[in-house]
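# Survey of secondary and tertiary structure
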Amino acid sequence: MAALLVKRRWLSVSERRRLLTGLVFVSPWLVGFLIWTLYPLASSLYYSFTRYDLLRPPVFIGLRNYVDLFTSDPHFRVVIPNTLYYVGLGTPLAVATAFLLASLLNTPVIARPTFRAIFYFPSIVPATVIAMIWGYLLNPQYGAINAVLKALGLRAIPFLTSPALAKPTLIAIGMWGSGYYMVLFLATLQNVPRELYEAATVDGATALRRFWHITIPLCSPVILFTLVTGFIYGFQDFTLPWLLTGGGPSESTEFYALHLFRNAFRYLRMGKASAMAWILFIIVVGFTVVLFKSSSRFVYYADTNE
Amino acid sequence: MGNKRVCRREFLVQASTLGAAGVLAACAPKTGKPTVAPSEKATTAPAGEVPVPAPAEGTLIRLWTGWGGTGIRKAMDEIAASEEWKEALGNNTFELKDAVEGAAMLAAVASGDPPDAGSNIQYLDFMARGALIAIDDMVAASSIIKKENFIEGNWALAFYKGAMYGVPAIEGFLRFALNYNAKLVEEAGLDPDNPPVTWDEVYAWHEKLTKKDSAGNVLRIGLNPYGAMGEGFWYSDGWMVPTSWGWQWFDEDKKTFDLNNDKMIDAFATQKKFIDLVGVDNLASLYSVEGRDTWGGAYNAEVEAMIIEGYWHPGETANEAPEVAKHNRATWLPVPESRRGVKPQGAAGHLVVIFKGSKNPQGTFKLCEVLNMKVACDAFFKHLGWLPSIKSYYDEVDASVYPGLDFYFRSAHEATEFYWPLRCEITEFASNEYLNLKDKVNRNEMSPAEAAAELQRRCEEEYKAAGFAE
């Protein structure tokens with residue numbers, strides 16, 4: 001009975017006006033979000049259940065795109081392990097490289113700002129330029145690296161044209177461009193209280209132990225952040241592999257995003273590509289959830305752990 | 001006059017409402033522009049049923065092409081300066097956008113803002129999906145675009161399900177010949193006056209022309225059968241393998257594929273031999289530099305002594321590497337031993353198509369007509385070495401201007417078999433799968449027989465999944 005007595009409280013005129021004013025002010029963002037984010041998202045979900053080629057109206061086919069991907073697309077079985085290899089190895093390596101570089105540049109080395117700029121520089125270079133630079137450097141005919149090998153009477157190394165080497169080479173190129181992570185780590189490292197190091201030093205901790213027990217735990221939230229964003233970007237990586245290898249040789253660098261693009265814009269199978277996009281979304285969400293769930297084991301949050 | 005003062009809050013509310021309304025209005029589709037993809041019915045509409053907008057004066061006519069580079073720009077600049085072009089253009093303006101990526105073209109068409117015309121694009125994708133204007137009526141009224149003026153193969157490419165969707169223009173002639181560098185051939189102790197006829201004979205040349213250094217690095221190869229016109233197949237060019245081995249890989253009427261056969265298997269095996277001699281990684285390395293996306297690059301750099309290319313090769317080589325072009329000669333596309341004596345040739349070429357949504361289809365068509373006039377043909381031949389599909393123009397060409405070109409003219413009369421591209425709606429898919437599977441064969445991950453069977457299976461499944469088998 002008491003519940004019945006509770007009166008629903010209506011907004012007063014001034015409150016309604018305030019709400020309306022607020023909504024009006026956020027409306028540009030709201031409209032943009034609805035049109036440019038929510039609508040394409042919902043559309044792609046619908047298209048994933050259709051046969052759609054962009055030029056003709058979609059035809060509803062239920063789950064056939066999803067079923068076909070797992071049962072009859074021979075490339076899908078190739079791109080999944082390729083992508084997991086690329087992301088699973090490439091992202092942690094890029095994060096580790098950035099962290100080590102940042103640690104190095106956080107020490108009082110000579111010309112530290114210059115080194116920071118040098119290591120950060122690749123991350124502001126557009127991916128197309130990176131592809132051009134490395135394409136020429138690794139060129140088997142006249143690339144600088146192979147030219148040296150040939151001058152020494154050795155065989156040229158087919159960095160990007162051998163199925164065994166193409167993926168590791170792309171990962172190495174990706175590591176070269178991890179300057180953005182390095183800057184994040186540098187900022188974090190500079191916030192690690194010096195007194196912790198001093199106390200540990202007084203207690204007789206070696207540099208390695210200080211690094212392991214102080215530096216890494218205090219940077220672990222940023223490590224988690226870089227890993228999560230790295231995985232997300234890695235799963236969607238397109239430009240470098242597309243420009244440097246085009247998915248070859250022998251499909252060794254045919255990653256998820258390349259196969260998705262090929263289906264969408266080369267074969268006009270936008271319905272299938274939409275299904276691929278949603279499967280990728282689920283994979284990425286899964287990866288992220290696993291990382292966050294397991295993060296309590298390796299991430300140190302000063303506020304909660306105190 | 002009432003006392004209607006607007007307070008600050010009301011002003012902000014009203015201004016924001018107006019702003020939001022403005023954003024909404026800007027996002028709304030413009031009147032008169034198609035906002036949805038063309039209907040499926042229109043795909044199969046016979047000539048004349050597709051409504052063609054009335055001619056408009058003073059519009060911007062946009063032509064987008066897949067070709068890029070200075071050659072096409074120079075040629076188009078020269079054409080644009082001609083009286084014929086100016087007269088056809090009237091008070092309209094013209095804009096050429098070159099090097100347009102396929103995805104960009106597709107996005108423009110799908111979004112309802114296509115260019116007026118396109119060339120060197122995936123013609124069949126747009127024809128089969130109803131994105132183009134059927135131009136039968138315009139062609140019927142034209143005094144320049146006449147069927148009898150064009151090579152049959154090129155003319156046929158413009159049709160899909162009985163309607164004509166494009167004007168053969170800019171480039172079109174014969175597609176296949178084995179071009180070779182006579183200087184390198186002679187240096188290898190071979191007779192350039194007695195070129196190979198069969199694949200076995202070409203392989204013998206390949207063996208002698210391929211050179212490696214002491215460490216095994218490839219310095220030069222004889223022939224990469226998967227290079228240039230062997231690289232894959234296209235609706236505008238045809239496919240080297242069925243032309244050489246002699247069969248039709250797709251039945252346009254029955255909508256069936258014939259890819260799992262002895263000829264396909266033999267083609268995989270024969271071409272593999274060439275790759276084995278060089279080394280699959282070596283060849284991929286060589287082509288990643290010299291040949292990728294630039295047909296003839298390896299030939300121009302003299303790290304490849306032979307190349308299978310169309311009639312454009314002599315002219316393009318002359319423009320890009322004049323010293324090499326001096327030694328260029330051409331002969332028949334090789335055939336398997338079982339077909340010795342057969343002289344195969346393929347005719348194909350490019351179209352200019354007019355998109356639905358063009359603001360001035362008639363004006364665009366007039367420009368297509370000029371692209372088939374002498375002034376345009378001269379410009380394309382001069383700057384690019386390209387020939388049109390117009391038969392009468394061939395009498396005006398001095399074939400001796402580019403070494404090797406004369407062979408193509410002779411082959412037009414001497415060929416014993418003629419092929420042209422087949423209207424298979426999943427041509428690009430089939431071509432990519434062929435290239436994927438040849439990689440598997442060349443790397444011993446699959447036998448030629450398995451690859452042929454797999455190619456057949458994949459094409460059949462894709463054809464069905466893409467909705468063309470129904």
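## Things to note about the overall build of chain B
Scanning chain B for helices and strands turns up 22 helices and 17 strands. Contacts spanning at least 24 positions in sequence make up 78% of the contacts within chain B whose residues lie at least 6 apart.

## Things to note about the overall build of chain A
Secondary structure assignment for chain A yields 15 helices and two strands. By residue count, 43% of the 306 residues in chain A fall in the buried class. Put simply, 64% of the contacts in chain A that link residues at least 6 apart link residues at least 24 apart. Carbon and sulfur atoms form 71% of the exposed surface of chain A, whose accessible area is close to 16,800 Å².

## Considering unusual backbone geometry
Of the consecutive residues A:Gly248 and A:Pro249, the connecting peptide bond is found in the cis state with omega at -10°. Tracing the backbone shows A:Pro249 in the loop between α12 (239–244) and α13 (256–266). Positioned with a positive phi, A:Ala111 is a non-glycine residue whose angle comes to about 55°. Its location among the elements puts A:Ala111 in the loop between α4 (76–105) and α5 (112–124). In this structure, B:Lys255 takes a positive phi of about 60° despite not being glycine. Note on B:Lys255: relative accessible area 27%, which makes it partly exposed.

## Some thoughts on the environment of A:Gly230
Relative to the helices and strands, A:Gly230 is located in helix α11 (residues 207–236). Excluding anything up to four places from it in sequence, A:Gly230 contacts A:Thr91 and A:Tyr181.

## Section: the sheet that holds strand β7 (residues 177–181) of chain B
Two pairing modes exist for strands in a sheet, parallel and antiparallel, and in both the strands are linked by backbone hydrogen bonds. Residue and element names in this part refer to chain B. A sheet is described by the order of its strands in space; here three strands give the open sequence β14-β7-β15, paired in antiparallel fashion. In this open sheet, the two edge strands, each paired with only one partner strand, are β14 (306–309) and β15 (328–331). Across the sheet, the mean angle separating the axes of adjacent strands is 30° when strand polarity is ignored. Note: β7 against β15, four bridges, orientation antiparallel. Among the inter-strand pairings, asparagine 179 is bridged to a residue of β15, identified as alanine 330.

## Re the pattern of salt bridges
Considering all chains together, one arrives at 32 salt bridges over all chains under this definition. Measuring nitrogen to oxygen at the nearest pair gives 2.9 Å for the salt bridge that ties A:Asp53 to B:Arg129. With A:Asp53 in the loop between β1 (50–51) and β2 (59–60) and B:Arg129 in the loop between α6 (123–128) and α7 (136–141), this pair bridges two chains. Between B:Lys183 and B:Glu302 there is a salt bridge, and its shortest N-O distance comes to 3.3 Å. Pair noted here: B:Lys183 is in helix α9 (residues 182–187) and B:Glu302 is in the loop between α14 (297–300) and β14, with a separation of 119 residues, a long-range link. On the basis of relative accessibility, which here comes to 29%, the residue B:Lys183 falls in the partly exposed class. Take B:Glu302: its relative accessible area is 22%, and that puts it in the partly exposed class.

## Quick look at the confidence of the model for chain B
All names here are of chain B. Looking at chain B as a whole, the pLDDT averages 86, with 86% of positions reaching at least 70. In this model, residues 1–6 is a region of pLDDT below 50 whose contacts with residues beyond four sequence positions or in other chains number three contacts. Low confidence marks residues 15–51, where pLDDT is under 50. Its contacts with residues over four positions away, or in another chain, come to 41 contacts.

## Section: the side chain of A:Arg266
Secondary-structure assignment places A:Arg266 in helix α13. Within the local environment of A:Arg266, its side chain forms a polar contact with the side chain of B:Glu101, the two groups lying 3.1 Å apart. If sequence neighbours within four positions are ignored, A:Arg266 has contacts with A:Trp242, A:Phe261, B:Glu101, B:Ala103, B:Asp125 and B:Glu428.

## Focus on the nonpolar core
One finds B:Phe126, B:Trp249, B:Met264, B:Phe380 and B:Leu387 to be the most contacted residues of the largest nonpolar core, which totals 149 residues. Excluding anything up to four places from it in sequence, B:Met264 contacts B:Trp239, B:Val241, B:Trp247, B:Leu259, B:Tyr434, B:Ala452 and B:Leu455. A:Leu160, A:Tyr181, A:Met182 and A:Ile279 belong to the second largest nonpolar core, which has 47 residues in total.

## Topic: the pairing of strand β6 (residues 166–174) of chain B
All names here are of chain B. With respect to burial, β6 is a largely interior element, nine of its nine residues being buried. Judged from the six bridges that link them, β6 and strand β16 (residues 344–354) form a sheet pairing that is antiparallel. Each residue of the ladder has a partner; that of valine 167, found in β16, is valine 352.

## Overview of the packing of aromatic side chains
Residue and element names in this part refer to chain B. Considering all chains together, one arrives at 49 aromatic pairs over all chains under this definition. On the basis of an interplanar angle of 90° and a centroid distance of 5.5 Å, the ring pair of tyrosine 180 and tryptophan 205 is categorised as edge-to-face. With a gap of 25 residues between them, tyrosine 180 in strand β7 and tryptophan 205 in helix α10 (residues 199–209) connect regions that are remote in the sequence. An identical accessibility class is assigned to tyrosine 180 and tryptophan 205; each is buried. Between the aromatic rings of tyrosine 203 and phenylalanine 274, the centroid separation amounts to 5.3 Å while the plane-to-plane angle is 85°, which identifies the pairing as edge-to-face.

## A short note on the environment of B:Ala177
Looking at the element boundaries, B:Ala177 is found in strand β7. Sequence separation of B:Ala177 and B:His313 is 136 residues, and the distance between their C-alpha atoms is 9.4 Å.

## Quick look at empty space enclosed by the protein
All names here are of chain B. One pass over the full model with this rule turns up nine cavities of 30 Å³ or more. Taken as a whole, the largest cavity encloses approximately 150 Å³ of empty space. The wall of the largest cavity is formed by 21 residues, among which Gly238, Trp239, Trp249, Trp420 and Pro421 lie closest to the centre. Elements supplying a minimum of two residues to the lining of the largest cavity: β10 (233–234), β11 (238–239), α11 (240–245) and β16. Element by element, the count of residues in the lining of the largest cavity is highest for β16, at three residues. For the lining of the largest cavity, the class distribution of residues is 14 nonpolar, five polar and two charged.

## As for the packing of helix α2 (residues 13–47) of chain A against helix α14 (residues 270–298) of chain A
Residue and element names in this part refer to chain A. For the pair α2 and α14, interaxial distance at closest approach is 7 Å and the crossing angle is 115°. As far as their axial angle goes, α14 and α2 are roughly perpendicular. α14 is crossed by α2, and the crossing has left-handed handedness. On the side of α2, the interface is formed by Leu41, Ser44, Leu45 and Tyr47, while α14 contributes Gly271, Ser274 and Trp278. Grouping the amino acids of the contact of α2 with α14 by side-chain chemistry returns four nonpolar, three polar and no charged.

## Quick look at α2(A)
Compared with an ideal rise of 1.5 Å per residue, which puts 35 residues at 51 Å, α2(A) spans 44 Å between its outermost C-alpha atoms and falls more than 12% short. Every buried residue of α2(A) is listed here: A:Thr21, A:Val24, A:Ser27, A:Val31, A:Gly32, A:Ser43 and A:Ser44.

## Some details on the pairing of β16(B)
Residues and elements named next belong to chain B. Where burial is concerned, most of β16 is hidden: 11 out of the 11 residues are buried. Examined bridge by bridge, strand β3 (residues 117–119) and β16 share three bridges and lie antiparallel to one another. Residue pairing across strands places serine 119 opposite valine 352, the latter belonging to β16.

## Re the state of the cysteines
Evaluation of the coordinates by the stated rule reveals zero disulfides over all chains. Of all cysteine sulfurs, the one in B:Cys459 lies closest to B:Cys424, which takes part in no disulfide; the gap is 6.8 Å.

What counts as what
Residues numbered from 1 in each chain as written. Chains lettered and ligands numbered in written order. Predicted model: local features only at pLDDT ≥ 70, side-chain atom pairs only at ≥ 80, totals over all residues. Heavy atoms only, no water. Helix = DSSP H or I, 4+ residues; strand = E, 2+ residues; numbered from the N terminus. Contact = heavy atoms within 4.5 Å. Buried < 20%, exposed > 50% of the residue type's maximum accessible area, 1.4 Å probe, protein only. Areas by Shrake-Rupley, 256 points an atom, 1.4 Å probe, with all protein chains shown as cover. Pairing = 2+ DSSP bridges. Axes fitted to C-alpha atoms, helices over the stretch in contact; angles between N-to-C directions. Salt bridge = Lys/Arg side-chain N within 4 Å of Asp/Glu carboxyl O. pLDDT = per-residue confidence, 0-100. Polar contact = N/O pair within 3.5 Å; in protein donor to acceptor, adjacent residues only side chain to side chain. Core = buried A, V, L, I, M, F, W, Y, C linked by side-chain atoms within 4.5 Å. Phe/Tyr/Trp six-rings, centres within 6.5 Å; stacked < 30°, edge-to-face > 60°. 1 Å grid on protein atoms, 1.4 Å probe; cavity = no way out; pocket = protein on both sides within 12 Å on 5 of 7 lines; lining within 4 Å. Points joined across faces, edges and corners; volume = space filled by probe spheres on them. Nonpolar A, V, L, I, M, F, W, Y, C, P; charged D, E, K, R; others polar. Parallel < 35°, antiparallel > 145°, perpendicular 65-115°, else oblique. Left-handed = near helix turned anticlockwise from the far one by under 90°. Expected span 1.5 Å × (residues − 1). Disulfide = S-S within 2.5 Å.

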